[in-house]
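Overview (structure and organization)
Listed below are the residues making up each chain.
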Amino acid sequence: MLLRPRNGVYVLPDTSEAIIESLRHCGVIACVTAARDYGLWTLDRGAEEPAHTWVHPDHRPTRVAIEPHPGEGACCLFHRETPLDPPDLQRVGILHCLVQIQRCRGDEPFFAALESALRLRQIDVGQREILREAIPAESRWLVDFARLDADSGLESLLRLRLHHLGLSLTSQVPVPGVGVVDFVLGDCLILEADGETHDGAGRHADRVRDAAAAALGFNTLRFDYALIVHDWELVEAAILSAVSRNLHRSRAGLTW
Ligand SMILES: [Zn+2]
Ligand SMILES: [Zn+2]
């Protein structure tokens, strides 16, 4: 069985709703919707938001930028800029996608998506330079600041926000007897960003890790994804308070 989003275009039935919707407009998925398809971190607002659709600015199909489903409001968020790199059959090019995220969502989601594209080796050095030139001058430092080895969107976000506070951190640090901790600030302040697996048995394991780390002279601050993303002020206050008391500097004097 095949579906026909528009005349002359056929897709397999397991094609995503967003792709079918974009094809109906003679467009392709774009921005954060395309980023998800590329496997990039989007720090997004959930799947319920409308598809971001790009339609070539010279193209004027009847279902673009009008209200396709009367009374239901906009079915897509449209992007109409000139492409930076060519689209494929269903999505904008990766550089175009990243530039759209910077414009549509701002610096933080752009930075997280960029670091994941770098980690997945979807962008080479030449493309990185093209991207740098394509975004506003005041955001270009983000392209220079991005690393190839960021482990998650949460890490990208945390590193960027702490950089704004003049703090740098090391990620995925092996600590003897404790295991690999998410981040270390200074030489002895551990920041753990817990996912959803830290209940039940995981919860006990976390306490063991904290105790083992404390025995070695580390201090641990533990946050979860929701706190970091939605209640940053509180997280920032906790980190700055710890730093003001020098909890990130050990007596061994290893200050960095
Ligand atoms: Zn967008
Ligand atoms: Zn639509």
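So, how was this worked out
Note that residues are indexed from 1 along each chain, following the sequence as it is written. As a convention, the first chain written is A and the first ligand written is 1, with the rest following in written order. In keeping with the predicted nature of the model, local features appear solely for residues at pLDDT of at least 70, side-chain atom pairs appear and are counted solely at 80 or more, and the whole-chain, interface and lining totals rest on all residues. Heavy atoms throughout the structure, all of them, feed into the side-chain values; hydrogens and water do not. Helix numbers and strand numbers start at the N terminus; a helix is a DSSP run of H or I with at least 4 residues, a strand a run of E with at least 2. Only the protein chains shown count as cover for residues, and the accessible areas themselves come from Shrake-Rupley with a 1.4 Å probe. Because no water is among the atoms considered, metal sites can look incomplete, with donors defined as N, O and S atoms within 2.8 Å of the metal, or 3.2 Å for Na, K and Ca. Only protein chains enter the accessibility calculation, which uses a 1.4 Å probe; a residue is then buried when its area is under 20% of its type maximum, exposed when over 50%, and partly exposed in between. What we call a nonpolar core is a set of buried Ala, Val, Leu, Ile, Met, Phe, Trp, Tyr and Cys residues that are connected through their side-chain atoms within 4.5 Å. Residues are treated as being in contact if the distance between any of their heavy atoms lies within 4.5 Å. All geometry calls rest on donor angles, where a four-donor set with angles between 85 and 135 degrees is tetrahedral, four- and six-donor sets with opposite donors more than 155 degrees apart and all others between 65 and 115 are square planar and octahedral, and all else is irregular. For two strands to be treated as a pair, DSSP must find at least two bridges joining them. Axis lines are fitted to C-alpha atoms, over the contacting stretch for helices. Their N-to-C directions set the angle, which ranges from 0 to 180 degrees. Side-chain rings of Phe, Tyr and Trp, where Trp is taken by its six-membered ring, are said to pair if the distance between their centres is within 6.5 Å; with planes under 30 degrees apart they count as stacked, over 60 as edge-to-face, and otherwise as tilted. Geometrically, a lysine NZ or arginine CZ counts as sitting over a ring once it is within 6 Å of the ring centre and also within 35 degrees of the ring normal.

**Description of the overall build of the protein chain**
When its secondary structure is counted, the protein chain shows 10 helices and nine strands. Accessible surface for the protein chain amounts to roughly 13,400 Å². Of this, 54% is attributable to carbon and sulfur atoms.

**Notes on the coordination of the zinc ion (ligand 1)**
The coordination sphere of the zinc ion (ligand 1), as far as protein atoms go, consists of Cys31 (SG), His52 (ND1), His79 (NE2) and Cys104 (SG), spread over 2.1 to 2.4 Å. Mapped onto the sequence, the donors of the zinc ion (ligand 1) take the spacing C-x20-H-x26-H-x24-C. Here histidine 52, found in strand 4 (residues 51-54), pairs with histidine 79, found in strand 5 (residues 76-79); they are 27 residues apart in sequence, far enough to count as distant. For the pair formed by histidine 52 and histidine 79, the shared burial category is buried.

**As for the nonpolar core**
Nonpolar side chains tend toward joint burial in soluble globular proteins. With 35 residues, the main nonpolar core has Leu40, Leu98, Ile101, Phe110, Leu114, Ile123 and Leu131 as its most contacted residues. Of all the secondary-structure elements, those providing two or more residues to this core are strand 2 (9-11), helix 1 (17-24), strand 3 (28-29), helix 2 (31-38), helix 3 (94-105), helix 4 (107-119) and helix 6 (141-145). Contacts of isoleucine 101, omitting those with residues within four sequence positions, involve Cys31, Val32, Ala35, Gly106, Pro109, Phe110 and Ala113. Within the second largest apolar cluster, 19 residues are counted, among which are Leu185, Leu191, Ile228 and Val235.

**Side note on the coordination of the zinc ion (ligand 2)**
Binding of the zinc ion (ligand 2) to the protein goes through Glu21 (OE), His25 (NE2), Cys75 (SG) and Cys76 (SG), at separations of 2.0 to 2.3 Å. Angles of 96 to 126 degrees at the metal separate the four donor atoms of the zinc ion (ligand 2), which places the site in the tetrahedral class. In the primary structure, the donors to the zinc ion (ligand 2) are separated according to the pattern E-x3-H-x49-C-C. Of this pair, histidine 25 sits in the loop between helix 1 and strand 3 while cysteine 75 sits in the loop between strand 4 and strand 5; the two residues are 50 residues apart in sequence, bridging distant segments of the chain. The exposure classification of histidine 25 matches that of cysteine 75, with both residues buried.

**Quick word on the sheet that holds strand 3**
Across the sheet, three strands lie side by side as 3-4-5; this open sheet has mixed pairing. Bordering the open sheet on either side are strand 3 and strand 5, each of which pairs with just one other strand. Helix 3 rests against strand 4 and strand 5 of the sheet, and its axis sits at about 120 degrees to strand 4.

**Things to note about the packing of aromatic side chains**
Summed over the entire model, instances satisfying the criterion amount to two aromatic pairs. Ring geometry for phenylalanine 111 and phenylalanine 145: centres 5.7 Å apart, planes at 25 degrees, overall stacked. You can see phenylalanine 111 sitting in helix 4 and its partner phenylalanine 145 sitting in helix 6, a full 34 residues away along the chain. The exposure class assigned to phenylalanine 145 is partly exposed, which follows from its relative accessible area of 22%. A network of ring pairs unites the aromatic residues Phe111, Trp141 and Phe145 as a single cluster. Over the ring of tyrosine 38 we find arginine 91, and its NZ or CZ is 3.8 Å from the ring centre.

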